[in-house]
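One-letter residues, chain by chain:
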Amino acid sequence: MKKKVLALTLTAAMMLSMAACSSGGNTSDASQDNGGTEAAEVANKDKPLVWFNRQPSNSSTGELDMTALNFNDNTYYVGFDANQGAELQGTMILDYVKANIDTIDRNGDGIIGYVLAIGDIGHNDSIARTRGVRAALGTAVEKDGAIVSDPVGSNADGSATAVKDGSLEVNGKTYIVRELASQEMKNSAGATWDAATAGNAIGTWASSFGDQIDIVASNNDGMGMSMFNAWSKANKVPTFGYDANADAVAAIAEGYGGTISQHADVQAYLTLRVLRNALDGVDIDTGIGTEDDAGNVLSDDVYYYDEAARSYYALNVAVTADNYTEFTDSTKVYEPVSNQLDASAHPEKSVWLNIYNAADNFLSATYQPLLQNYDDLLNLKVEYIGGDGQTEANITNRLSNPSAYDAFAINMVKTDNAASYTALLSQ
């Protein structure tokens, strides 16, 4: 009889154990409010969520979408300081012009002419970078208190209204600075930040302006490298981009003017770290500004947190001929946060994460490899989804079973479209 009771007890215990394990991404380690030890069900709408790379916002005004940023108590944004980076890119170009003033004016007409590849006219980062270049070079025009970021099309004679001719004095000589042309690099299918379109555009611009083009500027390295390889490398015209993609950094040795590192290593870490902290139920600053139990911690010179916007921002660094050798491996994890977490204290959790465009060079060749390095260190099992860069539906259609995951990291196609995702998590 005792053996039978024992057997029944063991069977019941095993059934309870199996039931607890089978609930997967729907469970939390937190106890019930009544003090019990059973795992509590977590609704999808309450699971940790991180927006990254594209901050929920109005693409026309730049106003943050605070509804999306406050979707639940464990919702955050991770990106970089767009304005600081934009100013840095503009300053980098201006410094190059001053340092090379004796050779920069290719046809000697006293006009420093540049062309500008714009990524997405409705994207906050693209807007900031366009403004940063124009502000530094003195070609900016203000409207309603903000620098105009619209493309000018062609501006051979300096008559465009979206920009003005700048003036630069170096070594006692005054030069005109002119934005000869700019356009949004959008392909026929609707994809923006399109490298192939930029490669075609520089060919058109070169035919129109020839040796009037002294500088090529781009909102990112994908477009910048396309123009560099198609024309400016052969013509020895300095090209400046943004993102510090591996091919762009390597190309600095071949004449690429420079790029901006947005500390993708820090961003990728923060993207997964805030999820890890929320899943562990610990202070959100753990392993970020406060050292964790493995010794991971970030210093305040590489990031900052804006509590009102619930946003973490990495700080940018200019990458030029002076320091590019320090940035040749763009997928190396950041040393201060490279320590493995103990799986017994931080058990494996599942994360659904998407990249808005699987063909985007920065996200696919730099950001995702970094995420894949960090997911192991943080004991996160991440499912990576690659979008087509054009429609949210191409991504949301593959979030058919959010209950299977413990947390989500979302990279939207358009900054306005956060509700396309939160609607799925609210069901």
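Keep in mind that what you see is a predicted model, and the values were worked out from it rather than measured. Per chain, residues are indexed from 1 in the order of the written sequence. Per-residue local features of the predicted model are confined to residues with pLDDT of at least 70, and side-chain atom pairs are confined, for both listing and counting, to 80 or more; whole-chain, interface and lining totals are unaffected and use all residues. Working from all heavy atoms in the structure, the side-chain values ignore hydrogens and water.

Attention shifts here to the pattern of salt bridges. Salt bridges are counted wherever a side-chain nitrogen of Lys or Arg sits within 4 Å of a carboxyl oxygen of Asp or Glu. By the definition in use, this model includes seven salt bridges. A salt bridge links Arg178 to Asp165, with the shortest nitrogen-to-oxygen separation between them at 2.7 Å. Of this pair, Arg178 sits in strand S10 (residues 173-184) while Asp165 sits in the loop between strand S8 (153-154) and strand S9 (166-170); the two residues are 13 residues apart in sequence, bridging distant segments of the chain. Look at Arg178 and you get buried, because its relative accessible area is 10%. The class of Asp165 is partly exposed, set by a relative accessible area of 29%. Segments assigned H or I by DSSP are reported as helices when at least four residues long, segments assigned E as strands when at least two residues long, and all are numbered from the N terminus. Each residue is assigned to one of three classes by its accessible area relative to the maximum for its type, calculated with a 1.4 Å probe on protein chains only: buried under 20%, partly exposed between the two thresholds, exposed over 50%.

With that settled, the discussion passes to the nonpolar core. Soluble globular proteins tend to pack their nonpolar side chains together in the buried interior. What makes a nonpolar core is a set of buried Ala, Val, Leu, Ile, Met, Phe, Trp, Tyr and Cys residues whose side-chain atoms join them at distances within 4.5 Å. Counting residues in hydrophobic clusters, the biggest one holds 103 residues, and the most contacted among them are Trp51, Trp205 and Leu298. The element that contributes the greatest number of residues to this core is helix H9 (residues 264-280), accounting for nine residues. Setting aside anything within four residues of it in sequence, one finds Trp51 in contact with Pro56, Ala68, Leu69, Thr75, Tyr76, Tyr77, Val78, Ile410, Met412, Ala418, Tyr421 and Thr422. Membership of the second largest hydrophobic core comes to ten residues, among which are Met225, Ala244, Ala248 and Val319. We call two residues in contact when some of their heavy atoms are within 4.5 Å.

In this section: the packing of aromatic side chains. Stacked, tilted and edge-to-face are the three classes assigned to paired rings of Phe, Tyr and Trp, where Trp is represented by its six-membered ring and a pair needs centres within 6.5 Å; plane angles under 30 degrees give stacked, over 60 edge-to-face, the rest tilted. Per the stated rule, a full pass over the model turns up 14 aromatic pairs. A ring pair is formed by Tyr96 and Phe240, whose centres lie 5.3 Å apart and whose planes are at 75°; its orientation type is edge-to-face. Here Phe240 lies in strand S12 (residues 239-240) and Tyr96 lies in helix H3 (residues 82-99), a separation of 144 residues in the sequence. Tyr96 sits in the partly exposed class, given a relative accessible area of 27%. Cluster of aromatic residues (ring-pair linked, three or more members): Tyr76, Tyr303, Tyr305 and Tyr312. For a Lys NZ or an Arg CZ to count as sitting over a ring, it must be within 6 Å of the ring centre and within 35 degrees of the ring normal. The ring of Tyr242 carries Arg129 above its face, with NZ or CZ at 3.7 Å from the centroid.

Residue Trp193 is not a glycine yet carries a positive backbone phi of 55°. By the element assignment, Trp193 lies in the loop between S10 and helix H6 (195-209).

This part covers the pairing of strand S5 (residues 111-118). Successive residues of a regular strand alternate their side chains across the two faces of the sheet. The element S5 is largely enclosed, with a buried count of eight among its eight residues. Neither face of S5 is left uncovered, since the one carrying Ile111, Gly113, Val115 and Ala117 and the one carrying Ile112, Tyr114, Leu116 and Ile118 both have all their residues buried. In this description, strands pair whenever DSSP reports at least two bridges between them. Of the pairings in the sheet, the one linking S5 to S10 comprises eight bridges and is parallel in character. Each bridged residue has a counterpart across the sheet, and for Tyr114 the counterpart in S10 is Glu179. When S5 meets strand S11 (residues 213-218), the two strands line up parallel, connected through five bridges. Residue pairing for S11: Leu116 is matched across the bridge by Ala217.

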